[in-house]
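A structural walkthrough
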Amino acid sequence: MAATRRIERTQESRRLLVTAAAELFAEKGYRQTSFIDIAERAGISRGSIPWHFGNKLGLLEAVVDDRLQAVLTGLPSIPGEPIPGEFPGDPLDQVMDFIRLPATRLFITLLAEAVEAGSPIREHYARLHAALRQAVRARIPAEALPPGTTSEALTVLLVGTVIGVHAQWRVAPEAVDLEAVRATIRALLPTGLRLT
């Protein structure tokens, strides 16, 4: 019983640290966020961070995995669970709804840092994009592709569209009607290519 309780406390501490780091990385950026900031926000000793994650990059990886899982499943995520191979529901609906969540501001903040030369987070952000492309590509039936297109190119276009819409909406939400964008993306997709 004591071992079970210890495991539960460890999982809860890890979850609190991932949540606090995700919020702070979104608010301040990865480089400007310190262990002290994260520990204070989580209400946990800063010594817990290296114990759980090794270092700040390890914590970033846990945050990216957590957010990626949430994007791909459309459900609240639990750090450490594998990303499932099957995604319930309509992915376009899930992604368009997900970008409204306050925590998704993290993706915009990380993108700005990931494109800097020598960025320590570039590899992690590239892995996030690769996983998103893989999830979308798996939903594109070859027979539904318009002539002269490839699933790889269409995947890049779709993921890029959502990322661009997200960035525009974060900067000027009053100027971007997400419901109209969702309907337009659906209308532009070829028949048979509904990603459902």
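Before reading further, recall that the structure is shown in the block above.
Here's what I pulled together on the structure shown here. Remember, it's a predicted structure, so these values are computed and weren't measured experimentally.

Now for the packing of aromatic side chains. Here the structure, examined in full by the defined rule, presents one aromatic pair. Centroid distance Phe-25 to Tyr-30: 5.3 Å. Interplanar angle 65°. Geometry classified as edge-to-face. The ring of Tyr-30 is capped by Lys-56, whose NZ or CZ atom sits 4.6 Å from the centre of that ring.

All right, on to the pattern of salt bridges then. The full count for this structure, using the stated rule, is eight salt bridges. Residue Arg-15 pairs with Glu-12 through a salt bridge whose shortest N-O separation is 2.5 Å. Pair noted here: Arg-15 and Glu-12 are both in helix H1 (residues 2-28), with a separation of three residues, about one helical turn. Glu-12 gets classed as partly exposed once you look at its relative accessible area, which sits at 34%. The salt bridge involving Arg-41 is made with Glu-27; its shortest N-O contact spans 2.9 Å. Remark: Glu-27 occurs in helix H1 and Arg-41 occurs in helix H2 (residues 35-42); sequence separation between them is 14 residues. Glu-27 sits in the partly exposed class, given a relative accessible area of 41%.

What counts, and at which threshold
All residue numbers here refer to positions counted from 1 along the written sequence of the relevant chain. Under the rules for a predicted model, residues below a pLDDT of 70 receive no local features and side-chain atom pairs below 80 are neither given nor counted, while totals for whole chains, interfaces and linings still include all residues. Heavy atoms throughout the structure, all of them, feed into the side-chain values; hydrogens and water do not. Ring geometry is summarised as follows: Phe, Tyr and Trp rings, the Trp one being its six-membered ring, pair when their centres sit within 6.5 Å, and such pairs are stacked at plane angles under 30 degrees, edge-to-face over 60 and tilted between the two. Ring-over charges, as used throughout, are those where CZ of Arg or NZ of Lys falls within 6 Å of the ring centre and within 35 degrees of the ring normal. Salt bridges are counted wherever a side-chain nitrogen of Lys or Arg sits within 4 Å of a carboxyl oxygen of Asp or Glu. A run of H or I in DSSP becomes a helix once it reaches four residues, and a run of E becomes a strand once it reaches two; helices and strands are each numbered from the N terminus. Relative accessibility under 20% of the residue-type maximum defines a buried residue, over 50% an exposed one, and the middle range a partly exposed one, all with a 1.4 Å probe and only protein chains included.

In short, geometric facts, not functional conclusions.
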